[in-house]
Amino acid sequence: MLFNKLQEEKIKDFETPFYYYDLDLLHETLSRAKRAADQRNFHVHYALKANFNDRLLSEIQRQGFGADCVSGNEVQKAIDTGFPASQITFAGVGKSDKEIRMALAHGIFTFNVESIQEMEVINELAVEAGVIAHVSLRINPNVDAHTHHYITTGLDENKFGVPTSELEQAAAVIRKSANVELMGLHFHVGSQITDMNVFKSLCVKVNEWKNWFEERGTTIRILNVGGGLGVDYQQPDANPIPDFEAYFDVFDKFLERTPQQEVHFELGRALIAQCGSLVSKVLYTKSGVKKHFLVLDAGMTELMRPALYQAYHQIERVGEDQQSKLNYDVVGPICESSDCFGKEVPLPESKRGDLIAIRTAGAYGEVMASRYNLRDEIRYVYNSDL
Ligand SMILES: *Cc1c(COP(=O)(O)O)cnc(C)c1O
């Protein structure tokens, strides 16, 4: 259950729908991740794209994480929030000239470069700006993340990274690009990965490609293994904080590195997903011959993951639980059939005005909100407001 009795009463005063963020849980999650990383001398950059809410971002910055950005505006946001430029990386398959110029002007730590042509463009723009661009080469290691096909990114058929067949050519381009300095290698194989064997396979590939470069006389200072650690969408109360120890242990054990080589991570979801929930009100109940529906005042415009990739979120009614349950299709108000949060969800018999919490919505929730149907702007409530 998301709220205690006292919070249940207070939460009724807020206009729905809204994102509810538990800043204490966020604080605890970040502390544990930071501690586990520090113990192994690992560096963690937070992937802003998972959630760039100001309050959450400030907390992440205060705890000493770096920032992993995928657009010029995210780079700017990280800088405005107080992340030092020396801890900002800029990734993404389609960086525009304007974005690259801006990041160069800020002197960010590295660009994660995704194609040979991009490497050439960054070199040209660095020449123009009179600076040296620090880059990591994103290699597509062809590792199957065993996750939903829309969120796997490390297979040969994906658009991300440089395929291994082009590495020889990429290395040649880097050698002749005077204003580009290769800092490291970058990998990111997918998201919501819960099978640690996937990360073990990734380590094997990283070792392989690191050796490949070193055999050709290239120094690799940074091994950036990306993000992708999953969270427990099925049982948010039983597992509110991912097992960071087990995750980092895999890399500690299987990644070959010298004391000079730094290991970098880019975690998004694992740091932020469980601290957020979408709270919504039942507008209408409907019953067909066989089906029961709850029509909520929140829809895919507030939380798109179920409509976008059939994602599962635990759905609960706020308030007293009951033994007897009905199976509801929980739907939103948007004029799209995919605007459905869950089918046949067992819930206590509910009525107009009841509050429903959709859990584990802190990552890729608020950030994907849209104004489709000219919906209201997103509202927030923090646990400190209750
Ligand atoms: C999205 C993304 C991340 C973060 O992924 P999570 O699954 O949220 O940890 C890290 N690195 C890159 C390159 C990404 O695209």
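Rules and cut-offs
- Residues numbered from 1 in each chain as written.
- Predicted model: local features only at pLDDT ≥ 70, side-chain atom pairs only at ≥ 80, totals over all residues.
- Heavy atoms only, no water.
- Helix = DSSP H or I, 4+ residues; strand = E, 2+ residues; numbered from the N terminus.
- Rg over C-alpha atoms; globule rule 2.2 N^0.38 Å.
- Buried < 20%, exposed > 50% of the residue type's maximum accessible area, 1.4 Å probe, protein only.
- Contact = heavy atoms within 4.5 Å.
- Areas by Shrake-Rupley, 256 points an atom, 1.4 Å probe, with all protein chains shown as cover.
- Lys, Arg positive; Asp, Glu negative; His and termini not counted.
- Charge placed at Lys NZ, Arg CZ, Asp CG, Glu CD.
- Near = heavy atom within 4 Å.
- Polar contact = N/O pair within 3.5 Å; in protein donor to acceptor, adjacent residues only side chain to side chain.
- Core = buried A, V, L, I, M, F, W, Y, C linked by side-chain atoms within 4.5 Å.

### Considerations on the overall build of the protein chain
Stage number 1. Across its full length, the protein chain carries 11 helices and 17 strands.
Stage number 2. Relative to the 2.2 N^0.38 estimate, which gives 21 Å for 386 residues, the radius of gyration of the protein chain is 22 Å and therefore close to what a compact globule would have.
Stage number 3. Projected onto the principal axes, the alpha-carbon positions of the protein chain cover approximately 70 × 40 × 40 Å.
Stage number 4. Among the 386 residues that make up the protein chain, the fraction classed as buried is 55%.
Stage number 5. Restricting to contacts in the protein chain with at least 6 residues of sequence separation, those with at least 24 account for 73%.
Stage number 6. When the accessible surface of the protein chain is split by element, carbon and sulfur atoms take 48% of a total near 17,100 Å².
Stage number 7. Where the 40 positive side-chain charges of the protein chain centre and where its 54 negative ones centre are 3 Å apart.

### So, the site of the ligand
Stage number 1. Close to the ligand lie 14 residues; Lys49, Ser191, Glu266, Arg269 and Tyr364 are nearest.
Stage number 2. Note that an oxygen atom of the ligand is positioned 2.7 Å from one of the side-chain N or O atoms of Lys49.
Stage number 3. For the ligand, a nitrogen atom lies 3.5 Å from a polar atom in the side chain of His188.
Stage number 4. In the complex, the protein chains occlude 93% of the 390 Å² of accessible area that the ligand would expose alone.

### What about the nonpolar core?
Stage number 1. Core analysis: the largest hydrophobic core is formed by 100 residues, its most contacted members being Phe111, Leu137, Phe213, Phe244, Phe248 and Phe251.
Stage number 2. Broken down by element, the residue count for this core peaks at 8 residues, all from helix 8 (residues 196-215).
Stage number 3. Every residue in contact with Phe244, bar those within four places of it in the chain, is listed here: Thr29, Arg32, Ala33, Ala36, Leu229, Leu267, Ala270 and Leu271.
Stage number 4. By size, the runner-up hydrophobic cluster in this structure holds 11 residues, among which are Leu2, Phe18, Val318 and Leu386.

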